[in-house]
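What the coordinates show
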Amino acid sequence: MTMGKAKKAWGGRFAGPTERRVEEYTASLPFDWRLYPYDIQGSIAYARALTKAGVLTEVERGRIIGGLEEIKKELDDGRLDPDPTYEDIHMYIEGRLIEKIGEVGGKLPTGRSRNEQVALDLRLYLKAEIGEIRAEIRELQEALLEQAERYLDVVMPGYTHLQRAQPILWAHHLMAYVEMLHRDAQRLRDCLERNNVMPLGSGALAGTAYPIDRAELAQDLGFPRVSRNSVDAVSDRDFALEFLAGASIIMIHLSRLSEEIILWASAEFAFVDVPEAFATGSSLMPQKKNPDVAELARGKAGRIFGDLMGLLTTMKGLPLSYNRDLQEDKEPVFDAVDTLRGTLQVLASLVRELRVNAERMRRATEEGFLNATDAADYLVSKGLPFRQAHEVVGKIVRDCLDHGKRLDQLSLKELVRYSPLFDEGFFGYITLDASLHRRGIMGGTAPERVREAIQAARAELKKGDVKG
Ligand code: ARG
């Protein structure tokens, strides 16, 4: 490694060298090297635009593009020269280009600023990553659908306040996450809408003085639109904030799912068994099998919220247009992308492998008066106003609690003491099956509806595959 061989692009105005510490402190190359494919893609398109604008000859364009393609290959092979005097990936590629093809390489930055270059690179990067993330969300949805279908007739207690509430299908509970993830994918698609704006041509801030065809450049780079204000184009990072906000909401959903897996895997619930391949042990307690994957997924949510908070805080109060503070946009975005993708991938595998203790779940629906609402509904079906029915059943539950009985263990003789409306039909009315089947409304837990919901979700995912 040669130290400090790169000449600074802005060195002309400076009489002396930069302090070593300053170089280290201001450099972004240690992390923004990840943008190199996009930076090169942008430069190749820009070289074409400069040629059309009459700035480069065809021969010069050929040499510049050839050089850039070579640099791309080098970097694909992992050959990055960590010379600390390269401030960032833009200067690195420019420096390497001049090294390779000579001074003609110095024509590439004509009329172009790193301020717009970095905005372009980050937009291209996010566009590619959002595509991957949306595919990974789909994978997790498919894993949930697989689970739902595998255990289609398993019932579990539905909870409110983490207290047993009403019986639902396990599949219905899982399908709630499929819905959340559906909105998450939509949110990312919406975010792409505003991300897909091509900033080149903005120059440092005022717009470039060269007649480049921005519309054509946008097309070349796969953007449907160009930015409409050069000051905004070099200052704006709301596309990144929007992505981080979307990523944070996804992590909320993944964290809630993880929390439930952790609870369900505890001996107290024992609803699911986390396969050994997805669990870890304790260095001290020989008996332990811990759901660390779900715990880390829950924990990493905090990290992504931190990424969002960090960038929001960086942006707050920045005067227009570009400020070096904006260099702080990349690490939170990269971290959020890596963390989110890793979490989606590992949770999809975990969900696929979860084994359900159907017997245990069913037994849990039998204790705790999960059919109390059905009992009240029964009285309503006999003509009693709901509020009174609620009161009657409340009293029955109270007495059952005192005597350690379930609703279905009361005799008709006992029941009519609370209301003359009770008859033999009551016992059939409050069974688990009856309770589930009565909830055949759109969006309800009746087995028929849940089966339809699964089919609809499958069809939607397929459609999404085609549309990308
Ligand atoms: N490394 C910089 C960033 O990430 C690129 C733009 C630098 N522009 C400048 N004028 N210093 O934001």
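Scroll up to find the structure.
In short, a report on the structure. (Residues numbered from 1 in each chain as written. Predicted model: local features only at pLDDT ≥ 70, side-chain atom pairs only at ≥ 80, totals over all residues. Heavy atoms only, no water.)

Some thoughts on the overall build of the protein
- Assigned secondary structure in the protein consists of 19 helices and 6 strands.
- For 468 residues, the compact-globule estimate of 2.2 N^0.38 gives 23 Å, and the C-alpha radius of gyration of the protein, at 31 Å, exceeds that figure by more than 25%.
- On the principal axes, the C-alpha backbone points of the protein span a range of 100 × 55 × 40 Å.
- A buried classification covers 47% of the 468 residues belonging to the protein.
- Of the contacts formed within the protein by residues at least 6 apart in sequence, a portion of 76% connects residues at least 24 apart.
- Roughly 23000 Å² of accessible area belongs to the protein as shown, and the carbon and sulfur atoms make up 53% of that amount.
- In the protein, which carries 64 positive and 72 negative side-chain charges, the distance between the mean positions of the two groups comes to 2 Å. (Helix = DSSP H or I, 4+ residues; strand = E, 2+ residues; numbered from the N terminus. Rg over C-alpha atoms; globule rule 2.2 N^0.38 Å. Buried < 20%, exposed > 50% of the residue type's maximum accessible area, 1.4 Å probe, protein only. Contact = heavy atoms within 4.5 Å. Areas by Shrake-Rupley, 256 points an atom, 1.4 Å probe, with all protein chains shown as cover. Lys, Arg positive; Asp, Glu negative; His and termini not counted. Charge placed at Lys NZ, Arg CZ, Asp CG, Glu CD.)

Quick word on the site of the ligand
- Taken together, Ser-28, Asp-88, His-90, Arg-114, Asn-115, Val-118, Tyr-322, Arg-324, Gln-327 and Lys-330 form the complete shell of residues around the ligand.
- Here a nitrogen atom of the ligand sits 2.9 Å away from a polar atom, N or O, in the side chain of Asp-88.
- One of the side-chain nitrogen or oxygen atoms of Tyr-322 is found 2.5 Å away from an oxygen atom of the ligand.
- Protein chains bury 87% of the 340 Å² of accessible surface belonging to the ligand in isolation.
- The element best represented in the shell around the ligand is helix H6 (residues 114-150), accounting for 3 residues.
- Across the shell around the ligand, the residue classes break down as 2 nonpolar, 4 polar and 4 charged. (Near = heavy atom within 4 Å. Polar contact = N/O pair within 3.5 Å; in protein donor to acceptor, adjacent residues only side chain to side chain. Nonpolar A, V, L, I, M, F, W, Y, C, P; charged D, E, K, R; others polar.)

Details of the nonpolar core
- Grouped together as the largest cluster of nonpolar side chains are 111 residues, with contacts concentrated most on Tyr-125, Leu-140, Trp-170, Leu-217, Phe-243, Leu-254 and Leu-340.
- Leave out the neighbours within four places in its chain, and Tyr-125 touches Arg-34, Leu-35, Tyr-38, Val-333, Phe-334 and Val-337.
- Formed by 19 residues, the second largest nonpolar core is a distinct cluster that contains Phe-369, Val-397, Cys-400 and Phe-422. (Core = buried A, V, L, I, M, F, W, Y, C linked by side-chain atoms within 4.5 Å.)

A look at the packing of aromatic side chains
- Overall, the coordinates contain 12 aromatic pairs when judged by the stated rule.
- Within the aromatic cluster, the residues linked to one another by ring pairs are Tyr-378, Phe-422, Phe-426, Phe-427 and Tyr-429.
- Positioned above the aromatic ring of Phe-334, the side-chain terminus of Arg-34 is 4.6 Å from the ring centre.
- Between the NZ or CZ atom of Lys-127 and the centre of the ring of Phe-223, over which it lies, the distance is 4.8 Å. (Phe/Tyr/Trp six-rings, centres within 6.5 Å; stacked < 30°, edge-to-face > 60°. Lys NZ or Arg CZ within 6 Å of the ring centre and 35° of its normal.)

Observations concerning the packing of helix H3 (residues 36-52) against helix H5 (residues 89-101)
- Axis separation between H3 and H5 bottoms out at 10 Å; the angle between their running directions is 60 degrees. The orientation of H3 with respect to H5, classified from their angle, is oblique. Like other packed secondary-structure pairs, H3 and H5 cross with a definite hand, here right-handed. Across the interface between the two elements, Tyr-36, Asp-39 and Ile-40 from H3 touch Ile-89, His-90 and Ile-93 from H5.
- Of the residues assigned to the contact of H3 with H5, the class counts are 4 nonpolar, 1 polar and 1 charged. (Axes fitted to C-alpha atoms, helices over the stretch in contact; angles between N-to-C directions. Parallel < 35°, antiparallel > 145°, perpendicular 65-115°, else oblique. Left-handed = near helix turned anticlockwise from the far one by under 90°.)

With respect to the pattern of salt bridges
- According to the stated counting rule, one finds 42 salt bridges in the structure shown.
- In this structure, the salt-bridge partner of Glu-259 is Arg-298, at a minimum N-O distance of 2.4 Å. Of the two residues, Glu-259 sits in helix H10 (residues 238-265) while Arg-298 sits in helix H11 (residues 292-315), which places them 39 residues apart along the sequence.
- Taking relative accessible area as the criterion, Glu-259 reaches 31% and is therefore assigned partly exposed.
- Taken together, the shared-partner salt bridges connect Glu-70, Glu-74, Arg-96, Glu-99 and Lys-100 into one network. (Salt bridge = Lys/Arg side-chain N within 4 Å of Asp/Glu carboxyl O.)

Shape descriptors only; they carry no functional weight alone.
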